[in-house]
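Understanding the architecture of this molecule
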Amino acid sequence: MQLSKTEEELMNIIWKQKKAFMKDLLDSYEEPKPATTTIATLLKRMTDKGYVAYKSYGRSREYYPLVKKKDYFSKHVNGLIKNFFNDSPGQFASFFTQETNLSKKELEALKELIDKEIKKK
């Protein structure tokens, strides 16, 4: 199951904090902050989907991620490549390098990463 945009936003906060109580999560939002009930609903959905779990301390809950950020985004990037680039990482890389306005320095850093991966193979 995928996360909605608002769930992803909350998930990013949880990944960043690693563990958080409701107050910590609410404090991470800028004004106007969402209602506590909104965050509670999102957390319930995310728990049901298997992305988040919690430990109870009396009436408080400390939430933590069950899915690693890298794993979540890797799955979505691979889906993007499959669905929009004919399952061709080369087409994706071509689009990415041409359409994202990368600077020469950023392109050189990307080339260095690719060269390192080539040496590993």
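Please refer to the structure placed before this passage.
Criteria and cut-off values
Residues numbered from 1 in each chain as written. Predicted model: local features only at pLDDT ≥ 70, side-chain atom pairs only at ≥ 80, totals over all residues. Heavy atoms only, no water. Core = buried A, V, L, I, M, F, W, Y, C linked by side-chain atoms within 4.5 Å. Buried < 20%, exposed > 50% of the residue type's maximum accessible area, 1.4 Å probe, protein only. Helix = DSSP H or I, 4+ residues; strand = E, 2+ residues; numbered from the N terminus. Contact = heavy atoms within 4.5 Å. Salt bridge = Lys/Arg side-chain N within 4 Å of Asp/Glu carboxyl O.

Bringing the nonpolar core into the picture now. One broad trend across soluble globular proteins is that nonpolar side chains are buried collectively. Core analysis: the largest hydrophobic core is formed by 19 residues, its most contacted members being Leu 10, Leu 25, Ile 39, Leu 43 and Met 46. Every element with two or more residues in this core is listed here: α1 (5-17), α2 (22-28) and α3 (36-48). It is α1 that contributes the most residues to this core, five residues altogether. Setting aside anything within four residues of it in sequence, one finds Leu 10 in contact with Leu 25, Tyr 29, Ile 39, Leu 42, Leu 43 and Met 46.

Before going further, it helps to spend a moment on the pattern of salt bridges. As enumerated under the stated definition, the model contains six salt bridges in all. Across the pair Lys 49 and Glu 7 runs a salt bridge, and its minimum N-O distance is 2.7 Å. Of this pair, Lys 49 sits in the loop between α3 and β2 (52-57) while Glu 7 sits in helix α1; the two residues are 42 residues apart in sequence, bridging distant segments of the chain. Judged by relative accessible area, which is 27%, Lys 49 ranks as partly exposed. A residue is classified by how much of its surface remains accessible, and Glu 7, at 1% relative accessible area, is buried. A salt bridge links Glu 117 to Lys 120, with the shortest nitrogen-to-oxygen separation between them at 3.2 Å. One end of the pair, Glu 117, and the other, Lys 120, are both in helix α6 (residues 104-120), three residues apart, so they sit about a helical turn from each other. The exposure class of Lys 120 is exposed, given its relative accessible area of 65%.

As a further point, take unusual backbone geometry. Leaving glycine out, the prevailing phi sign among residues is negative, and the prevailing peptide bond configuration is trans. Omega for the peptide link from Glu 31 to Pro 32 comes to -10°, which places this bond in the cis form. Examined against the element boundaries, Pro 32 turns out to sit in the loop between α2 and α3. The phi torsion at Lys 18 lies on the positive side, around 70°, for a residue other than glycine. In this fold, Lys 18 is placed in the loop between α1 and β1 (20-21). For Asn 101, which is not a glycine, the phi torsion comes out positive at approximately 55°. Locating Asn 101 in the fold gives a position in the loop between α5 (89-99) and α6.

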